[in-house]
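Coordinate analysis (summary)
So you can see what is in the structure, the chains are spelled out below.
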Amino acid sequence: MPTYKDIQAMTGLSLSTISKYYNGLPVREKNRLAIQEAATSLGYRVNTVARSLRSRRSSTVGVLLPALDNDFHLTIIAGVEAALRADGISVLVCSSRPTPGDAVDFLMGRMVEGIIAVPTSNDVDALRKVAAQGVPVVAIDWVAPDLDTDRVVLDNLAAGAAVARHLADHGHGRVALVGGDPAISTMRERAEGFRSTLAARGISLEEECLTSGPLTVESGQASTERLLALPDRPTALFAANYELTLGMLIAVNDSGLRVPTDISLVGFDSAELARAVRPQLTMFEQPTPAIAREAARLVRERLDGQAGAGPETVRLGGRLLVGASVAVLHDRATPPPG
């Protein structure tokens, strides 16, 4: 494998000049060109592992996610990597482990300088400890009450409220939520925004129409099947995340009900999915690429010492993409108060 000495032999430059160039320090233009030409000719590549061991700096940020099998998490990875690449910062991705703290220990063992995480309950204690040691930690999506770090989140109350207004404006007086675990802040806040906005329009979200469960396709399907079997079936369903939306669609398709003639639907989190089904699904889309960019910005500013003293919370708004899956029930229209 070519070394600095091989570049020295080809260019006649000192080892200190070559070292300065590869450590990002200024060198004369003619020397820079000579080093680059020699490196290309020799096939020289920087040994980033060895450099990290010498400097104790890895120029690597860890991305910790609950799983690597859904569109939201994959978009976060792509967005963070693209945002940090221009600054020479690489990304190491890890999914959460069954043993508490194991995933954070794995990342720290690889000398990451910061962590961007969608934390699970297994990760919170370990993330809190490394943050107390001065490692920049940015939490996204789920706000853990015991993790006082920088955060980038969707305005989940506003998301639930936007869907509720849309259904109320279309005359739906009996609606249901295909929801997730209320212990997860995103699920709890979307449900709260949905329920409180319906209440402000004089619509009660009955307990039998409020479901919860794991954030899986199977849970969304099972919850939807229970809702469709109610004697007084809701006229509209809102699924509170992507996997629950897929499960809802599967259950409705299996039921033989027509959308929106027999049942109205609103999904969450994928414009591509909305366009792929017929009729086109009305969908609340969260700004996942912007969430990733803001998380990358915060961790980069912490690494550069440019951030403020205390944790920063960035709350981003999404948008309701109106399709053709919500019927207008003129005879049950619910006007806004006042």
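Computed from a predicted model, the values in this text were never measured in an experiment.

What counts and how
- Residues numbered from 1 in each chain as written.
- Predicted model: local features only at pLDDT ≥ 70, side-chain atom pairs only at ≥ 80, totals over all residues.
- Heavy atoms only, no water.
- Helix = DSSP H or I, 4+ residues; strand = E, 2+ residues; numbered from the N terminus.
- Rg over C-alpha atoms; globule rule 2.2 N^0.38 Å.
- Buried < 20%, exposed > 50% of the residue type's maximum accessible area, 1.4 Å probe, protein only.
- Lys, Arg positive; Asp, Glu negative; His and termini not counted.
- Charge placed at Lys NZ, Arg CZ, Asp CG, Glu CD.
- Expected span 1.5 Å × (residues − 1).
- Contact = heavy atoms within 4.5 Å.
- Core = buried A, V, L, I, M, F, W, Y, C linked by side-chain atoms within 4.5 Å.
- pLDDT = per-residue confidence, 0-100.
- Pairing = 2+ DSSP bridges.
- Right-handed = clockwise from strand over helix to strand, strands pointing away.

For the protein chain, the helix and strand inventory stands at 13 helices and 12 strands. Computed over its C-alpha atoms, the radius of gyration of the protein chain comes to 25 Å, more than 25% above the 20 Å expected for a compact globule of 338 residues. Projected onto its principal axes, the C-alpha positions of the protein chain cover 85 × 40 × 40 Å. Counting across all 338 residues of the protein chain, residues that qualify as buried make up 47%. Taking the average place of the 34 positive charges on the side chains of the protein chain and the average place of its 38 negative ones, the gap between the two points comes to 8 Å.

All right, on to helix H11 (residues 242-255) then. If you check H11, its first and last C-alpha atoms are 20 Å apart, about what 14 residues at 1.5 Å a residue would give, namely 20 Å. Every buried residue belonging to H11 is among Tyr242, Glu243, Leu244, Thr245, Gly247, Met248, Leu249, Ala251 and Val252, and all of these are buried. Buried residues along H11 sit against strand E6 (175-178), helix H10 (217-228), strand E8 (236-239), strand E9 (264-268), helix H12 (271-276) and strand E10 (282-285). Backbone geometry just downstream of H11 places Gly256 in the positive-phi region, at approximately 85 degrees.

Residues Leu167, Phe194, Leu237 and Leu265 are the most contacted members of the largest nonpolar core, which totals 42 residues. Looking at which element gives the most residues to this core, the answer is helix H8 (residues 156-169), with 6 residues. Setting aside residues up to four positions removed in sequence, Leu265 forms contacts with Leu237, Met248, Leu249, Val252, Val259, Leu281, Thr282, Ser325 and Val326. If you look at the next biggest cluster of nonpolar residues, it comprises 23 residues, including Phe72, Val118, Val138 and Val299.

Along the chain, Val259 connects to Pro260 via a cis peptide bond; the corresponding omega equals 0 degrees. One can find Pro260 in the loop between H11 and E9. Here the residue pair Arg278 and Pro279 is connected by a cis peptide bond, since its omega of -5 degrees sits within 30 degrees of zero. Of note, Pro279 is situated in the loop between H12 and E10.

Relative to the 24 Å expected for 17 residues at 1.5 Å per residue, helix H13 (residues 288-304) spans 24 Å between its end C-alpha atoms, a close match to the ideal helical length. Those residues of H13 not exposed but buried are Thr288, Ala290, Ile291, Ala292, Ala295, Ala296, Leu298, Val299 and Glu301. Elements in contact with the buried residues of H13: strand E1 (60-65), helix H5 (71-85), strand E3 (114-117), strand E4 (137-140), strand E5 (150-154) and strand E11 (313-316). Among the residues trailing H13, Gly305 stands out with phi positive, at a value near 75 degrees.

It is worth spelling out the confidence of the model for the protein chain at this point. Per-chain confidence: the protein chain averages 89 in pLDDT, with 92% of residues scoring 70 or above. Here residues 52-56 scores under 50 on pLDDT; set against residues more than four positions off or in separate chains, the count is 5 contacts. A low-confidence stretch, residues 332-338 stays under pLDDT 50, and its non-local contacts, those more than four residues away or across chains, total 13 contacts.

Before going further, it helps to spend a moment on the pairing of E3. Working note: regular strand, side chains alternate between the two faces of the sheet. Here E3 shows no split at all, with Gly114 and Ile116 on one side and Ile115 and Ala117 on the other all buried. Where E1 lies against E3, 4 bridges are found, and the strand directions are parallel. Looking at the pairing, Leu64 lines up with Ala117 of E3. Direction of pairing for E3 relative to E4: parallel, over a ladder of 3 bridges. Looking across to E4, one finds that Ile115 is bridged to Val137. In this region the chain leaves E3, passes through helix H7 (residues 124-132) and returns to the parallel neighbour E4; the handedness of that crossover is right-handed.

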